[in-house]
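This is what each chain is made of:
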Amino acid sequence: METRKRHARKEDYRMRTHLIHGNFESKKWDYDHHVIPPISHSTAFRLDSVHRGAQGFVQFASADEALSGHMPIYIYDRLDEPTRSMLEETLAYAEGGDVCITFASGMAAISAALGVALRQGQEVLAHQIVYGCTYSLMTNWLPRFGMRVRFGDFLKSESLLAQVTPATRVLYFETPVNPTMELIDLAEIRRVADQINAGREEKERVLVMVDNTFATPYCQRPLKLGADIVVESLTKDIGGFGTDMGGAVIASSAWYNHLMLFRKDFGGVLTPRSAWGILVYGLPTLATRMINQQKTAQRVAKFLSEHPKVDTVAYPGSECFAQKPLAHRQMQNPDGKFAPGGMLYFVLKGGNGSVSRAEKLVDYIAEHAYTITLAVSLGQIKTLIEHPFSMTHSALPDEQKRAFGMHPEGVRLSIGLEDWHDIIRDLEIALERV
Ligand SMILES: *Cc1c(COP(=O)(O)O)cnc(C)c1O
């Protein structure tokens with residue numbers, strides 16, 4: 001591969017540009033003659049000699065080797081392969097971590113990150129509201145492997161000290177919290193972790209693990225704010241088009257070996273076809289999509305907050321957002337501009353009757369609206385709506401949901417790329433009918 005002489009360093013360009021062009025020279029593939037990176041689909045790779053094959057096995061999962069800039073020796077898709085590797089380079093850069101390891105889904109990434117961070121007898125302390133399957137993983141599966149979970153209120157960070165035990169190894173949370181859009185202060189949780197770690201040996205330290213799916217690296221980079229490990233679903237805003245599933249773990253190079261071995265043996269690899277879609281469609285359009293979704297979300301939040309049937313609107317970009325200073329501090333794009341994302345949650349004033357007004361609204365929209373679709377998932381180019389109380393968060397007991405700020409009249413909106421006038425129009429008509 002011929003190396004071109006560039007007139008500037010890659011650090012001189014902004015992230016938005018980097019997400020489109022990837023690394024200047026990737027050693028993962030001959031990038032030089034394709035405008036779009038080639039899609040490689042090969043479960044096994046030709047090894048020129050036994051010696052080279054042996055070398056490939058020795059080098060596999062070595063962070064030094066991966067970061068050396070040498071062309072890797074590929075052996076078998078489940079170990080490593082080029083299309084995924086290119087996506088991983090760009091994602092590691094976007095999140096500001098040394099390494100990224102992708103997985104078949106967000107859940108495969110989360111189980112791998114917890115799987116490498118915890119051993120039998122150890123504990124994770126998680127925020128009381130986490131993504132439903134993460135909750136199920138922690139409460140149904142981790143205990144089978146001898147790992148325990150405790151839940152705490154990460155919005156009251158001081159209260160966590162009382163819940164940490166000598167066995168605690170991971171502090172786990174999402175911010176913004178789904179669906180209430182409350183923010184957890186990353187720098188504050190880092191301070192708590194440092195306080196806990198002050199009296200601990202290196203190998204007993206607690207790690208700060210953050211699910212960055214809602215914000216995406218465009219709106220928030222938790223590693224820069226003190227997190228040790230970032231996990232995220234690529235199925236949502238990062239993939240962006242609702243066509244592929246994927247997940248990623250981004251961390252320091254010390255985790256590379258463990259994560260690669262975990263992925264090899266548990267087998268949750270991202271298919272090259274999905275990796276390619278996320279690499280050539282998802283990441284290059286991430287900034288543009290987020291910028292547009294944010295503009296629309298601002299307008300929708302304003303419209304809703306002025307509507308007589310709406311009680312409260314939780315959108316980090318609203319003037320009236322309860323945690324506005326934290327939102328501005330924590331949710332920033334790579335150029336330092338405020339980036340509140342495209343997710344919002346609003347609570348309707350209660351109607352009369354046994355069925356909540358929120359459920360009626362969502363049902364009306366499902367049947368009659370053009371721009372808003374009733375579906376779970378989020379972060380697509382189409383605006384999606386759902387009723388968390390009875391759908392995504394139905395597994396939690398009602399009392400608990402209420403205690404955690406979830407309301408039967410609450411509605412979650414994931415803003416897409418439609419013309420904002422049309423989204424508001426569809427909401428306006430629906431609100432008239434309920
Ligand atoms: C969707 C989601 C996940 C899980 O990702 P999958 O790709 O569906 O496995 C995890 N965390 C959050 C916050 C999510 O929204």
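It should be emphasised that the depicted structure is a prediction, and the values quoted were computed from it without experimental measurement.

Q: When you look at unusual backbone geometry in this model, what are you seeing that I'm missing?
A: In most cases, non-glycine residues show a negative phi, while peptide bonds are predominantly trans. The linkage connecting Thr175 with the following residue, Pro176, adopts the cis geometry, with an omega of -5°. Omega for the peptide link from Asn178 to Pro179 comes to 0°, which places this bond in the cis form. As for its placement among the helices and strands, Pro179 is situated in the loop between strand 4 (168-174) and helix 7 (186-197). Backbone geometry at Ala61 places phi at a positive 70°, although glycine is not the residue there.

Q: Could you clarify how one ought to interpret the pattern of salt bridges in this entry?
A: When their charged atoms lie close together, side chains carrying opposite charge are able to pair. Summed over the entire model, instances satisfying the criterion amount to 19 salt bridges. Arg190 is the partner of Asp194 in a salt bridge, and the nearest nitrogen-oxygen pair spans 3.1 Å. Remark: Arg190 and Asp194 occur in helix 7; sequence separation between them is four residues, near one turn of the helix. Between Lys302 and Glu306 there is a salt bridge, with its nearest N and O atoms 3.2 Å apart. When sorted by exposure, Lys302 lands in the same class as Glu306, which is exposed. Members of the salt-bridge network, linked through shared partners, are Arg46, Asp48 and Arg52.

Q: It is not clear to me how the sheet that holds strand 8 (residues 310-314) should be interpreted in this structure. Could you clarify?
A: Strand pairing in a sheet takes place through backbone hydrogen bonds and is either antiparallel or parallel in direction. Taken together, the five strands give an open sheet; going across it, the order is 8-9-12-11-10, and neighbouring strands pair in mixed fashion. The open sheet terminates on both sides in strands that have one partner only, identified here as strand 8 and strand 10 (372-374). Neighbour to neighbour, the strand axes of the sheet diverge by 25° on average, direction disregarded. Inspection of the sheet shows strand 8 paired to strand 9 (residues 343-348) by four bridges, in the antiparallel sense. Within the sheet, the bridge partner assigned to Val310 lies in strand 9 and is Leu348.

Q: In this structure, what is going on with the packing of helix 5 (residues 106-117) against helix 9 (residues 256-266)? I would like to understand it.
A: Describing two packed helices takes the angle between their axes plus the distance from one axis to the other. At their nearest, the axes of helix 5 and helix 9 sit 10 Å apart, and the two run at 120° to each other. Here helix 5 is positioned oblique relative to helix 9, judged by the angle of their axes. As helix 5 packs across helix 9, the resulting crossing turns out to be right-handed. Here Ser111, Ala112, Ala113, Gly115 and Val116 of helix 5 come into contact with helix 9, specifically with His258, Leu259 and Phe262. Taken together, the residues of the contact of helix 5 with helix 9 break down into five nonpolar, three polar and no charged.

Q: Teacher, can you tell me more about the sheet that holds strand 3 (residues 148-152) here?
A: Taken in spatial order, the seven strands make up an open sheet running 1-7-6-5-4-2-3, and their pairing is mixed. Of all strands in the sheet, those with a lone pairing partner are strand 1 (99-103) and strand 3, marking the two edges. Within this sheet the neighbouring strands show an average axis-to-axis angle of 20°, counted without direction. Of the pairings in the sheet, the one linking strand 5 (residues 207-211) to strand 6 (residues 229-233) comprises three bridges and is parallel in character.

Q: How should I be thinking about the nonpolar core in this particular structure?
A: Counting residues in hydrophobic clusters, the biggest one holds 62 residues, and the most contacted among them are Leu87, Leu91, Phe154, Leu171, Phe173, Ile189 and Leu234. Considering each element in turn, this core owes the most residues, nine residues, to helix 10 (residues 272-305). Looking at this core, you find at least three residues from each of domain 1 (10-281) and domain 2 (290-433). Each residue touching Ile189, except ones within four places of it in the same chain, is listed here: Phe154, Ser157, Leu160, Leu171, Phe173, Ile184 and Val208. Within the second largest apolar cluster, 37 residues are counted, among which are Ala108, Leu114, Val116 and Ala117.

Q: Can you help me understand the packing of aromatic side chains in this one?
A: To describe a pair of aromatic rings, one takes the distance between the centres and the angle between the planes. Considering all chains together, one arrives at five aromatic pairs under this definition. Here Phe45 and Tyr74 contribute two aromatic rings whose centre-to-centre distance is 5.5 Å and whose plane-to-plane angle is 40°, an arrangement assigned as tilted. Residue Phe45 is located in the loop between helix 1 (15-21) and helix 2 (50-59), and its partner Tyr74 is located in the loop between helix 3 (63-66) and helix 4 (82-95); the two are separated by 29 residues in the primary sequence. Tyr74 matches Phe45 in its accessibility class, with the two residues each being buried. Ring plane angle 10° and centroid distance 4.0 Å describe the contact between Phe262 and Phe266, whose orientation is recorded as stacked. Here Phe262 and its partner Phe266 are both found in helix 9, four residues apart, which amounts to about one turn of the helix. When its relative accessible area of 61% is taken as the criterion, Phe266 is described as exposed. Lys401 extends its terminal NZ or CZ atom over the ring of Phe389, reaching a point 4.1 Å from the ring centre.

Q: How should the site of the ligand be read in this particular structure?
A: Gly106, Asp211, Ser233, Thr235 and Lys236 are the nearest of the 14 residues found near the ligand. Between the ligand and Gly106 there is a distance of 2.8 Å, counted from an oxygen atom to a backbone nitrogen or oxygen. Between an oxygen atom of the ligand and a side-chain N or O atom of Thr235, the distance comes to 2.6 Å. For the ligand, the accessible surface in isolation is 380 Å², of which the surrounding protein chains cover 95%. The dominant element in the shell around the ligand, judged by the number of residues it contributes, is helix 5, at three residues.

Q: Could you clarify how one ought to interpret the environment of Ala227 in this entry?
A: Of note, Ala227 is situated in the loop between helix 8 (216-219) and strand 6. For the pair Ala227 and Ala113, spaced 114 residues apart in sequence, the C-alpha to C-alpha distance is 13 Å. For Ala227, the residues in contact, after removing those within four places along its chain, are Val208, Val210 and Pro222.

Q: Would you explain the domain arrangement of the protein in this entry?
A: Think of interface size as the accessible area that goes away when the parts come together; that is how it is often given. The domain boundaries assigned to the protein delineate domain 1 (10-281) and domain 2 (290-433). Just the C-alpha atoms count here: the centres of domain 1 and domain 2 sit 28 Å apart. Taken together, the 32 residues of domain 1 in the interface contact 34 residues of domain 2. In this structure, Asp185 and Arg329 form a salt bridge, with 3.0 Å as the shortest nitrogen-oxygen distance. When contributions to the side of domain 1 that touches domain 2 are tallied by element, the ones reaching two or more residues are helix 1 and helix 8.

Definitions and limits used
- Residues numbered from 1 in each chain as written.
- Predicted model: local features only at pLDDT ≥ 70, side-chain atom pairs only at ≥ 80, totals over all residues.
- Heavy atoms only, no water.
- Helix = DSSP H or I, 4+ residues; strand = E, 2+ residues; numbered from the N terminus.
- Salt bridge = Lys/Arg side-chain N within 4 Å of Asp/Glu carboxyl O.
- Buried < 20%, exposed > 50% of the residue type's maximum accessible area, 1.4 Å probe, protein only.
- Pairing = 2+ DSSP bridges.
- Axes fitted to C-alpha atoms, helices over the stretch in contact; angles between N-to-C directions.
- Parallel < 35°, antiparallel > 145°, perpendicular 65-115°, else oblique.
- Left-handed = near helix turned anticlockwise from the far one by under 90°.
- Contact = heavy atoms within 4.5 Å.
- Nonpolar A, V, L, I, M, F, W, Y, C, P; charged D, E, K, R; others polar.
- Core = buried A, V, L, I, M, F, W, Y, C linked by side-chain atoms within 4.5 Å.
- Domains from an automatic or database assignment.
- Phe/Tyr/Trp six-rings, centres within 6.5 Å; stacked < 30°, edge-to-face > 60°.
- Lys NZ or Arg CZ within 6 Å of the ring centre and 35° of its normal.
- Near = heavy atom within 4 Å.
- Polar contact = N/O pair within 3.5 Å; in protein donor to acceptor, adjacent residues only side chain to side chain.
- Areas by Shrake-Rupley, 256 points an atom, 1.4 Å probe, with all protein chains shown as cover.

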